[in-house]
Amino acid sequence: MKNGPDPMRGFSPDIFAARRKRVLADLDGSALVLCSDPDASGGRHRPDRDLFYLTGVTEPGAVAVLRPGGEDGDFVLFVRVRSPEEERWSGERFGPERAQEIFGADTTYGNDLLSEHLPKLLAEAEGMYFRIGAESPLQSLVMEALQAARLRGARKGVGPYGIIDPGRLLDPQRLTKHPDELERMRWAASVTVEAFTEMLGAVRPGAGEWELEGILDGAFRRKGAGGPAYPTIVGSGANACVLHYVENNRSLCDGDLVLVDAGAETDLYVCDVTRTFPVSGSFTAPQRVIYDLVLEAHDRAIEGIHPGVTVESIHHTARDVFIDGLLDLGVLAGSKADVIDTEAYKQFFPHQTSHWLGLDVHDVGDYAHAGVSRVLERGMVLSVEPGLYFQDPLEGLGVSDEVEGSAVMDDYVGIGIRIEDVVVVTAEGHEVLTAALPVSPDELGGLVGGQG
Ligand code: GLY
Ligand code: MN
Ligand code: MN
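First, a word on scope: everything that follows refers to the structure included in this document.

Calculation notes
Residues numbered from 1 in each chain as written. Chains lettered and ligands numbered in written order. Predicted model: local features only at pLDDT ≥ 70, side-chain atom pairs only at ≥ 80, totals over all residues. Heavy atoms only, no water. Helix = DSSP H or I, 4+ residues; strand = E, 2+ residues; numbered from the N terminus. Contact = heavy atoms within 4.5 Å. Donors = N, O, S within 2.8 Å, 3.2 Å for Na, K, Ca; no water. Tetrahedral: all angles 85-135°; square planar, octahedral: opposite > 155°, others 65-115°. Buried < 20%, exposed > 50% of the residue type's maximum accessible area, 1.4 Å probe, protein only. Arc of directions from axis to C-beta. Pairing = 2+ DSSP bridges. Axes fitted to C-alpha atoms, helices over the stretch in contact; angles between N-to-C directions. Core = buried A, V, L, I, M, F, W, Y, C linked by side-chain atoms within 4.5 Å.

Within the secondary structure layout, G162 lies in strand β6 (residues 162-164). Separated by 16 residues in the primary sequence, G162 and L146 place their C-alpha atoms 9.9 Å from one another. In this view, G162 contacts E126, G127 and M128; residues no more than four positions away in its chain are not counted.

In this section: the coordination of the manganese ion (ligand 3). In this structure, D261 (OD), D261 (OD), D272 (OD) and E420 (OE) serve as the protein donors to the manganese ion (ligand 3), at separations of 2.0 to 2.4 Å. Because the angles between the six donor atoms bound to the manganese ion (ligand 3) fall within 57 to 169 degrees, the donor set is best described as irregular. The sequence pattern describing where the donors of the manganese ion (ligand 3) fall on their chain is D-x10-D-x147-E. Here the manganese ion (ligand 3) and the manganese ion (ligand 2) are spaced 3.3 Å apart, and both take D272 as a donor. Taken together, the positions of D272 in the loop between β11 (269-270) and β12 (273-278) and E420 in the loop between β17 (416-418) and β18 (421-425) put the pair 148 residues apart, joining distant regions of the chain.

So, on to helix α4 (residues 95-103). Those residues of α4 lying buried are G95, A99 and F103. Projected down its long axis, α4 carries its buried residues within an arc of 65 degrees, all on one side. Across α4 from its buried face, at more than 90 degrees, point the exposed residues E97 and E101. In this structure, the buried residues of α4 make contact with α1 (13-27), α2 (49-55), β3 (75-79) and β4 (107-110). Just beyond α4, the residue with positive phi is G104, at close to 70 degrees.

Let us now look at the sheet that holds strand β19 (residues 430-432). Within a sheet, each strand pairs with its neighbour through backbone hydrogen bonds, oriented either parallel or antiparallel. Spatially, three strands are ordered β15-β18-β19 in an open sheet, and the strand pairing comes out antiparallel. Only two strands of the sheet have a single partner each, and these edge strands are β15 (381-384) and β19. Shown here is a sheet whose adjacent strand axes are inclined to one another by a mean of 30 degrees, direction ignored. With four bridges connecting them, β15 and β18 associate as antiparallel partners.

Let us look at the nonpolar core. Core analysis: the biggest nonpolar cluster contains 111 residues, and L77, M199, F277, L376, L388 and F390 have the highest contact counts within it. With 10 residues, helix α8 (residues 179-201) is the single largest residue contributor to this core. Non-local contacts of F390, meaning those with residues more than four positions away in its chain, are made with C241, I290, L326, V331, F348, M409, Y412, V413, G414 and I415. With 20 residues, the next largest nonpolar core counts A31, Y109, L121 and L146 among its residues.

Strand order in the open sheet formed by three strands is β7-β10-β11, and the pairing between neighbours is antiparallel. Each having just a single partner strand, β7 (227-228) and β11 make up the two edges of the open sheet. Pairing geometry for β7 and strand β10 (residues 264-266), over two bridges, is antiparallel. Bridged to G227 within β10 is E265. Contacts from α8 reach β10 and β11 within the one sheet, and its direction differs from that of β10 by about 145 degrees.

So, in structure tokens, the structure goes:
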């Protein structure tokens, strides 16, 4: 550890303590149990985001228990015990003593004592906040502890009676970012922008989609990021219409557009950017028509972001730009109201405009409550990623025969364009964290390496 990263990734312990204080205040008589996966033998461990958010702990095999007024204190931590033999294979561990000092738990145990201590910690709790579904051996231990605590509690007529997902307490907190979290997201954005710029310079006819993927993912690591936050998408030609295309096994052709969707993860915080650009550096006329429409939807949606507006209104802004544009082009027919009513626009714009970002790419937090869209607040971070996709063939997508057979569709079939940026809601409006990467067709085309 001495030469490695700060165990708390540069965050002050006070930030984690303040988060725990808020959760403890909301726990009432219940306990919260958060686990990280045990050692991934040979693979890279993915720290549990909720555990990190509340404690700073990223070690595999850790369990945190928060229980207001518990006899071992409010915050009990279980970590792997020291073991020269195991550490020889998977590296140094904190061990309970050092973990207690670093992470500020009231009590710390070795995780070999989980089955002994967990039932006691859960005893007489009214409920338990715990995520069910993780394929972790720790899960069965926690469930056994819950059953043991329940059996003991039955004698006195006390719980724990229910299991509730921790997201109920944590998601709303995670939704608005602390300035120190935004600092990590700015770093993720700057690494992503630099990597995209490098990748764009290598674009030429004959280059493999996999080469662009390799440049991006390699640049993320070279610049100190943990790596790609999700599998990098490089879709050339009609592959751009496949929303989750990750094969990346086609060579770029002159005249193609390429849709690249990638983002770095830095100190567990992520970025998520999409640019679509011509291999030659210059758009054909039909490509440019669609690009301009997507860019207008992107710009208008971003302009509308400020505290007090709903997530749904951002999506509707992009959707309405598309509907107006596609009606003008003759791609959609009928009245705007009809197109909204029938959702005919979804043939070309099938996804939402935004998702939250933070410790996860599709970060936690509801977009609506009881059917009412969430209102944006300062510190929330969201993507803006409108796209139009003219998949080939169109059959099966509900496109009318008239439109499908028309000359106008011939111009656009096979085009897929998305433009995606990361936006933080500020006190007055918004800040685009990824604004340094151009979106204007001329500037973007100018970065493309071009001829091979
Ligand atoms: N790259 C995942 C997304 O854009 O949502
Ligand atoms: Mn996204
Ligand atoms: Mn994306």
